[in-house]
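# Coordinates in review
Below are the chains, spelled out letter by letter.
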There are 2 protein chains.
Amino acid sequence: MTINPVEVIRRKRDGLRLSTDEIEAFVSGAATGLIPEYQTTAFLMATYFQGMVLEETTALTRAMIASGRQVKFTDSRPKIDKHSTGGVGDKVSLILAPLVAALDVDVPMVSGRGLGHTGGTLDKLESITGFRVHIKIDEFVSLIAKNGLAMMGQTADFVPADKLLYALRDVTATVECIPLITASILSKKVAEGISGLVLDIKVGSGAFMKTQKAGEKLAKSLVAVGTALGLRVRAVLTDMNQPLGLAVGHSVEVLECLETLQGRGPTDLRDITVELAAHMLVLGDKSSSIAAARAMARKSLQDGTALAKFGDMCRAQGATVNVVRNPETLLVSPHTVIVQATKTGYVSKIDGQALGTLLVRMGGGRQKTSDTIDHSVGFRLHAKLGSSIEKGKPLATIYFNPEKLRTEDLTPDAIAREFAAAFSISGTKAKASGLIKKVIE
Amino acid sequence: MTINPVEVIRRKRDGLRLSTDEIEAFVSGAATGLIPEYQTTAFLMATYFQGMVLEETTALTRAMIASGRQVKFTDSRPKIDKHSTGGVGDKVSLILAPLVAALDVDVPMVSGRGLGHTGGTLDKLESITGFRVHIKIDEFVSLIAKNGLAMMGQTADFVPADKLLYALRDVTATVECIPLITASILSKKVAEGISGLVLDIKVGSGAFMKTQKAGEKLAKSLVAVGTALGLRVRAVLTDMNQPLGLAVGHSVEVLECLETLQGRGPTDLRDITVELAAHMLVLGDKSSSIAAARAMARKSLQDGTALAKFGDMCRAQGATVNVVRNPETLLVSPHTVIVQATKTGYVSKIDGQALGTLLVRMGGGRQKTSDTIDHSVGFRLHAKLGSSIEKGKPLATIYFNPEKLRTEDLTPDAIAREFAAAFSISGTKAKASGLIKKVIE
């Protein structure tokens, strides 16, 4: 179909409903460069203001999928993935994928890099010496056939329309738009060739969605469009009013994953992983009840099968060290500073976004796409929301790189002060908010 | 000032008020190519939705003026211009500018080309063999010093930011936006070095502003921002529910201007010209009352001084023929078709936009920027709103180019039918709507 791009922009601007043909022609024109970027961004901004109905968002997602190559599996084993909207200390994928794969549900996971103040699975995996995230689609398929899981970065032919639209949204203030977020997430997930998807929608001060209302709106859009595209979908709204687990950074987070894969690790991290795994197992028809699925997941963490699967994946993707046996090969900076509580009381607030941003400035994240990440820097919290703490006692340990601090004009003392400022301590213990807020199917 | 363009887009998107510094930096960045077009168009669409307050529109206009070279006059003679928002058959500038200049008010007129279904002053002037509209700013200034008037096209260094923004708005459905229209019009007028401006805001079916309400909103914005920029400004809302005068096209319109410059010509064309001239004379301090100024203007049409000034301008700008003495040098196609009334009654509606669009397809306008205009084609109406007409009697004469009709797959009969379809004839005579609707100062 030939369209007049100006007319399509005008119709969206005026709040009219676009046809599937119009959306397909616009996306394919944008992806092939036939429609110039200056028209694409005007369209994105018009969509920001006018939104899209379910049928339009579904057409947009389909058109984006069609812009590239889709992963095809020939076997009949269930293929279930998880997507998180991202938060500080969210390392769940590294534990969850091997756990679920160990229970005979394939997990083909196309992951991303860190974004803004939140980290990315690919960057965390690269803390492991030799781990290759840049694999081709064919290798991805054969690794899943062999091990039941693989984690790869987006290749050039994998949903190229999303790459273009995402890059343009990032520089035109059109990121925060539910239909565009929905299409971006689901196009990549459907292109993985999965049959079911569990969404972890983070809600709270450290997440992109600050309120439960915004999170629910996104969850409903994802479930509706995912279902329209033939996926079995569930969205779990989870709390992100503080970092997940105790470790924030790259090597330190992988270390925490290894602990959790051995049945230990922080309670919140283990609980959320078990919950998401249970939904994946139900979608993969390995259990008909969430309660039974939770028990299966806990067992897999206890009996070492999840950990063994993680080791299999690392070996298969080129790791030259055995992090399971030799966790000390994960480089953590020897330069530390202890952050002390400035008063006695209970931790009442942790500004995850501030911690994420501080980590970026310490070299543990990117300020521009071309930056390289220092995997050795990070934080280990000694207190979380509700913890009682005495003045002068350690709140956290910071692992820093003195070289990077010099270029950023930061002193260890200044980081410690900034870190402490992200914690509020109050005289009364606040009621803890639940980790799992809601499930939307 | 260094700005983050994404932040400026986001703030406008969120309906926040931008500072003068932010607007200046954004416009200068866009004009110099520092800010890519894909960010500029996202900004334009955000502005379409959120609008701008007076101070923002004023800052935008100032920033656009600053992007190029401004005309500077060293003498103290009044410099007053007129701008029309454009309509079908609107040839007023060609009569008005020499008329006002003949009464000792300088008219430095930077004009445009035809746009959509409406014609442009530059294109009409080019019906006159040899007339040069592409003159440099220095020549423009010296011609005004000599004759009191000159008409030129936009040069490359004349408000380049408007050229860029206009071209981008045209292809991103962001034309219909009052702050952007205001800045586009006023930046070019202020850069002419004028002290006063009369705006002819066309309202009706043949105009860009279809309703008086929309016209008034634009008029108020233009008057407020023009005043903030130090201009004496008046806006006159005039009727555009039918073509102005009887001629529509290029050579035929110049011929009608020559008649009007001799005190004859259609009443509506003469009346509107006299009205706009009167306001220009008052702004130029040549008269303290509109009534007295009208009389001065009528006299200048009667006594031949306006016509002589038109001749001076043509000679000064390179005309190789004397159209005043030899109007037959204006080429009008000898191929004609007479449109006959399909029933008896009164003309109750004339769709000017349909006539303008038909003229474009006959070669008398551009479908794309690179098209050349056939000055010899056009229409001469024999009936206007309220005229009584008998079935079979001529409604209009169409001057066509058979060559162009062949490429457009149009027959003379088909044009005549299309033309007739733009006229409604009813049994009762409707009350005529006034030509001058409102003056806003």
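About the criteria used
- Residues numbered from 1 in each chain as written.
- Chains lettered and ligands numbered in written order.
- Predicted model: local features only at pLDDT ≥ 70, side-chain atom pairs only at ≥ 80, totals over all residues.
- Heavy atoms only, no water.
- Contact = heavy atoms within 4.5 Å.
- Buried area = accessible area lost by both parts, 1.4 Å probe.
- Salt bridge = Lys/Arg side-chain N within 4 Å of Asp/Glu carboxyl O.
- Polar contact = N/O pair within 3.5 Å; in protein donor to acceptor, adjacent residues only side chain to side chain.
- Domains from an automatic or database assignment.
- Buried < 20%, exposed > 50% of the residue type's maximum accessible area, 1.4 Å probe, protein only.
- Helix = DSSP H or I, 4+ residues; strand = E, 2+ residues; numbered from the N terminus.
- Pairing = 2+ DSSP bridges.
- Right-handed = clockwise from strand over helix to strand, strands pointing away.
- Least-squares fit on C-alpha atoms with pLDDT ≥ 70 in both.
- Phe/Tyr/Trp six-rings, centres within 6.5 Å; stacked < 30°, edge-to-face > 60°.
- Lys NZ or Arg CZ within 6 Å of the ring centre and 35° of its normal.
- Expected span 1.5 Å × (residues − 1).
- Axes fitted to C-alpha atoms, helices over the stretch in contact; angles between N-to-C directions.
- pLDDT = per-residue confidence, 0-100.
- Core = buried A, V, L, I, M, F, W, Y, C linked by side-chain atoms within 4.5 Å.

## Re the interface of chain B and chain A
Residue-level contacts link 22 residues of chain B with 22 residues of chain A. Together, the buried faces of chain B and chain A total about 1,800 Å²; carbon and sulfur atoms form 67% of this surface. The largest share of the area that chain B buries against chain A comes from R13(B), Y38(B) and F49(B), three residues that together contribute 34% of it. With a shortest N-O distance of 2.8 Å, E176(A) and R13(B) are connected by a salt bridge. Our enumeration of links across chain B and chain A arrives at 13 residue pairs in polar contact (both at pLDDT 80 or more).

## Some words on the domain arrangement of chain A
Residue and element names in this part refer to chain A. Per the domain assignment, the segments of chain A are domain 1 (5-51), domain 2 (80-316) and domain 3 (330-426). Centre-to-centre separation of domain 1 and domain 2, based on C-alpha positions: 30 Å. Counting from both sides, the interface comprises 11 residues of domain 1 and, opposite them, 12 residues of domain 2. Note on domain 1 versus domain 2: buried area summed over both sides is about 980 Å², and carbon and sulfur give 87% of it. The largest contributions to the domain 1 side of the interface with domain 2 come from T41, L44 and Y48, which together make up 47% of the buried area. Across the domain 1-domain 2 interface, the total number found is 0 salt bridges.

## Section: the pairing of strand 5 (residues 232-239) of chain B
All names here are of chain B. Along strand 5, 7 of the 8 residues are buried, which leaves the element largely enclosed by surrounding structure. Relative to strand 5, strand 4 (residues 196-203) runs parallel, the two sharing 8 bridges. Directly across from D200, in strand 5, lies its bridge partner V236. Regarding topology, helix 10 (residues 212-228) serves as the crossover connection from strand 4 to the parallel strand 5, and that connection is right-handed.

## Topic: the relation of the copies chain B and chain A
Expressed as a screw transformation, the operator carrying chain B onto chain A has a rotation angle of 179° and an axial translation of 0.0 Å, and the superposed copies differ by an RMSD of 0.1 Å. Taken together, the rotation angle and the small translation identify this as a two-fold axis. Measuring from the rotation axis to each C-alpha of chain B, the shortest distance belongs to Y38(B), at 2.0 Å. Here 100% of the contact residues of chain B are again contact residues in chain A; the copies associate through an equivalent surface.

## Notes on the packing of aromatic side chains
Scanning the entire structure with this criterion turns up 9 aromatic pairs over all chains. Geometrically, the ring pair formed by F419(B) and F423(B) is stacked, given 5.4 Å between the ring centres and 25° between the ring planes. The exposure classification of F419(B) matches that of F423(B), with both residues buried. Lying over the aromatic face of F73(A), K79(A) brings its terminal NZ or CZ to 4.9 Å of the ring centre.

## What to know about helix 4 (residues 54-66) of chain B
Taking 1.5 Å per residue, 13 residues should reach 18 Å; helix 4 of chain B reaches 18 Å between its end C-alpha atoms and fits that length. Taken as a whole, helix 4 of chain B has its buried residues at E56(B), T57(B), T58(B), A59(B), L60(B), T61(B), A63(B), M64(B) and I65(B).

## Quick notes on the sheet that holds strand 7 (residues 336-340) of chain A
Residues and elements named next belong to chain A. The 4 strands are arranged 6-9-11-7 in an open sheet whose pairing can be described as antiparallel. The outermost strands of the open sheet, each flanked by one partner alone, are strand 6 (247-249) and strand 7. Strand-to-strand, the axes of this sheet are offset by a mean angle of 15°, without reference to chain direction. The pairing of strand 9 (residues 378-381) with strand 11 (residues 394-399) spans 4 bridges and is classified as antiparallel. Residue R380 lies in a different strand from strand 11, and its bridge partner there is T397.

## Brief notes about the confidence of the model for chain A
On average, chain A scores 94 in pLDDT, and the residues at 70 or more come to 100%. Two numbers describe this predicted complex: its pTM, 0.89, and its ipTM, 0.88.

## Section: unusual backbone geometry
Non-glycine residue D409(A) carries a positive phi angle of around 60°. Summarising the element assignment, D409(A) is placed in the loop between helix 16 (402-408) and helix 17 (412-421). With phi around 70°, D104(B) is a residue other than glycine that occupies positive phi space.

## Here's the deal with the nonpolar core
Membership of the largest hydrophobic core comes to 128 residues, with the highest contact counts inside it found for I201(A) and I201(B). For I201(A), the residues in contact, after removing those within four places along its chain, are T85(A), G215(A), L218(A), A219(A), L222(A), A235(A), V236(A), L237(A) and T238(A). Counting residues in each nonpolar core, the second largest holds 53 residues, with V198(A), A207(A), L276(A) and F310(A) among its members.

## Considering the pattern of salt bridges
The full count for this structure, using the stated rule, is 67 salt bridges over all chains. Notably, a salt bridge pairs R77(A) with D106(A), separated by 2.6 Å at the nearest N-O pair. With R77(A) in the loop between helix 4 (54-66) and strand 1 (80-84) and D106(A) in the loop between helix 5 (92-102) and strand 2 (107-111), this pair connects stretches of sequence that are 29 residues apart. Residue class for D106(A) comes out buried when judged on its relative accessible area of 1%. If you follow the salt bridges from partner to partner, you end up with E7(A), R10(A), R13(A), D14(A) and E176(B) in one network.

## Overview of the environment of A297(B)
All names here are of chain B. Inspection of the secondary structure assignment puts A297 in helix 13 (residues 290-302). You can call A297 buried: its relative accessible area is 0%. A C-alpha to C-alpha distance of 25 Å links A297 and F73, two positions 224 residues apart in sequence.

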